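One-letter residues, chain by chain:
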Amino acid sequence: MALANPYYDPGKPHHTPDGFRNNYSGAVQKPFSELVRWQWESWREGLPKPAQTPTPQVAPDLLRIQGYQRTPADSTAGQSASPPAITWVGHASLLVQAGGLNVLTDPIFSERASPVQLFGPKRAVPPGVALDDLPPIDVVLISHNHYDHLDRGSVVALHQRALTARSSTLFLVPLGQKPWFTALGIDSVVELDWWQQHAVRGVDFVLTPVQHWSARGVADRSTTLWGGWAVLGQDLHWYFGGDAGYSKDFLDTRLRLATRQTEALGGGFDIALLPVGAYAPRWFMREQHMNPEEAVQAHLDLGARRSVGMHWGTFQLTDEPLDQPPQDLADAKRARQLDDAQFFLLAIGETRTLPARPR
């Protein structure tokens, strides 16, 4: 009899015969009664309250973005003559230009984070960079398959865009997600288990554990894997947290990669991209979404030189107002004596140039 989880490896604790589990919380499995309670309490209290301040936006610097120097397809250099840079497209979608690659995280350009575009969470602000204005995308990183992180329309458009340009965009995904892409006619996909890695032009992409879950319907909960990404190039080591509740996984990631991030080799992560939104009410969201205080702790656990907050201000997914995360992050940074150089926010569309990693 075939297993429900064809990837099942009994030697890996996060594998189960039916799917996958977290390292420290097991399955994030909220009963339907708690979902009803949340929705009832939100309705009763008139939540979420409207934002008092709009999500900041700036016009994208397209000359700068499109002028980044990529490495040739056969290169193993892992670095570029251009300095590393990040651009916030919105939500968990960031364009990271480092290692000679253009990398896009959890791309969503659709109007709604939903299986259909007739209803569901609607975008509060447009993408900071239009899909047609993107530079050629070498790699797309997917953290998990929730609709606000794995958007069918955006994935198909990126694939078609690459085909039209006679190039290729590689999709790196957690275990179990490749068949979804194959069904869309997309074969340039590599799926990884936690701690497995894949190299692209001298840049190593490592899927790391985070505490979360997956589902695209009512009967497929946690049947595909989820994760964060550690990306190790010659000119930048960066981390993408995807979507996560706070757990010891961040410290584990730092320890696991310690031999590759010694002081002699340039130290730890140059930047971490960490979720700071969609956290209220805490009794319901704690296991699956960090609040800003926990994101600051994750920053410290990872030993990152700097972090940028994402996963806020774009889609109204939970009970806090869209403009609450910056306020809570400021309080959390003050409590831990962090300044804006150590943990910052971007405006949607803003590009931030980063110092190249010491060599």
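Residues numbered from 1 in each chain as written. Predicted model: local features only at pLDDT ≥ 70, side-chain atom pairs only at ≥ 80, totals over all residues. Heavy atoms only, no water.

Asks: Describe the sheet that holds strand β6 (residues 139–141), with residues and values.
Replies: The strands making up a sheet associate through hydrogen bonds between their backbones, and the pairing can be parallel or antiparallel. In space, the 7 strands of this open sheet follow the order β8-β7-β6-β5-β4-β3-β16, with mixed pairing throughout. Only two strands of the sheet have a single partner each, and these edge strands are β8 (189–192) and β16 (351–353). Neighbour-to-neighbour, the strand axes of this sheet turn through a mean angle of 20°, independent of strand direction. With 3 bridges connecting them, β6 and strand β7 (residues 170–174) associate as parallel partners. Within β7, the residue paired with Val139 across the bridge is Leu170. (Pairing = 2+ DSSP bridges. Helix = DSSP H or I, 4+ residues; strand = E, 2+ residues; numbered from the N terminus. Axes fitted to C-alpha atoms, helices over the stretch in contact; angles between N-to-C directions.)

Asks: Requested: an account of the nonpolar core, with residues and values cited.
Replies: Judged by nonpolar contacts, the single largest core of 59 residues is most densely connected at Leu141, Phe205, Trp229, Trp238, Ile271 and Leu273. If we skip the residues at most four places from it in the chain, Ile271 touches Ile86, Leu236, His237, Trp238, Tyr239, Arg306, Ser307, Val308, Phe344 and Leu354. Counting residues in each nonpolar core, the second largest holds 19 residues, with Val89, Leu134, Val140 and Val173 among its members. (Core = buried A, V, L, I, M, F, W, Y, C linked by side-chain atoms within 4.5 Å. Buried < 20%, exposed > 50% of the residue type's maximum accessible area, 1.4 Å probe, protein only. Contact = heavy atoms within 4.5 Å.)

Asks: Talk me through the sheet that holds strand β14 (residues 307–310); I want residue IDs and the actual numbers.
Replies: Spatially, the 7 strands line up as an open sheet ordered β9-β10-β11-β12-β13-β14-β15, and their pairing is mixed. Every interior strand has two partners, whereas the edge strands, β9 (197–200) and β15 (343–345), have only one. Within the sheet, the average angular offset between the axes of one strand and its neighbour, ignoring direction, is 20°. Strand direction decides the pairing type here: β14 and β15, joined by 3 bridges, are parallel. Across the sheet, the residue bridging to Val308 is Phe344, located in β15.

Asks: Go over helix α8 (residues 324–335), please, and point to the residues and values.
Replies: With 12 residues, α8 should reach 16 Å at 1.5 Å per residue; the first-to-last C-alpha distance of 17 Å fits that figure. All of the buried residues in α8 are Pro325, Leu329, Ala332 and Lys333. When α8 is viewed along its axis, its buried side chains cluster within an angular range of 100° and face the same direction. Those residues of α8 that are exposed and aimed more than 90 degrees away from the buried face are Arg334 and Ala335. Elements that come into contact with the buried residues of α8 comprise α7 (292–302) and β15. Immediately beyond the C-terminal end of α8, within one or two residues, lies Gln337, with a positive phi of roughly 60°. (Expected span 1.5 Å × (residues − 1). Arc of directions from axis to C-beta.)

Asks: How would you summarise the pattern of salt bridges if you had to cite specific residues and measurements?
Replies: Counted by the stated rule, this structure contains 14 salt bridges. Among the salt bridges present, the one from Glu41 reaches Arg37, with a minimum N-O distance of 3.0 Å. Placement of the pair is Glu41 and Arg37 together in helix α1 (residues 32–45), with a separation of 4 residues, close to one helical turn. The class of Arg37 is partly exposed, set by a relative accessible area of 40%. Measuring nitrogen to oxygen at the nearest pair gives 3.5 Å for the salt bridge that ties Glu350 to Arg352. Classification of Glu350 by relative accessible area gives partly exposed; the value is 22%. Put simply, Arg70, Asp138 and Arg201 are held in one network by salt bridges that share partners. (Salt bridge = Lys/Arg side-chain N within 4 Å of Asp/Glu carboxyl O.)

Asks: Outline the packing of aromatic side chains, listing residues and values.
Replies: In total, this model carries 10 aromatic pairs according to the counting rule given. Every member of this aromatic cluster is reached through a ring pair, and the members are Tyr239, Tyr246, Phe250 and Phe269. The ring of Trp283 is capped by Arg37, whose NZ or CZ atom sits 3.6 Å from the centre of that ring. Sitting over the face of the ring of Phe344, Arg352 holds its NZ or CZ atom 4.3 Å from the ring centroid. (Phe/Tyr/Trp six-rings, centres within 6.5 Å; stacked < 30°, edge-to-face > 60°. Lys NZ or Arg CZ within 6 Å of the ring centre and 35° of its normal.)

Asks: Talk me through the side chain of Arg201; I want residue IDs and the actual numbers.
Replies: Positionally, Arg201 belongs in the loop between β9 and β10 (203–208). In this structure Arg201 comes out as buried when scored by relative accessible area, which is 16%. A polar contact is formed between the side chain of Arg201 and the side chain of Asp138, at a distance of 2.9 Å. Every residue in contact with Arg201, bar those within four places of it in the chain, is listed here: Arg70, Thr71, Pro72, Ala73, Ser75, Thr76, Ala77, Gly78, Gly100, Leu101 and Asp138. (Polar contact = N/O pair within 3.5 Å; in protein donor to acceptor, adjacent residues only side chain to side chain.)

Asks: Can you tell me about helix α3 (residues 152–164), naming the residues and giving the values?
Replies: Taking 1.5 Å per residue, 13 residues should reach 18 Å; α3 reaches 18 Å between its end C-alpha atoms and fits that length. Three or more residues of α3 are buried, namely Ser154, Val155, Leu158, His159 and Ala162. For α3, the buried positions fall inside an angular range of 130° around the axis, keeping them on one side. Arg166, located one to two residues past α3, shows a positive phi value of around 60°.

Function cannot be read off these values alone, since they describe shape.
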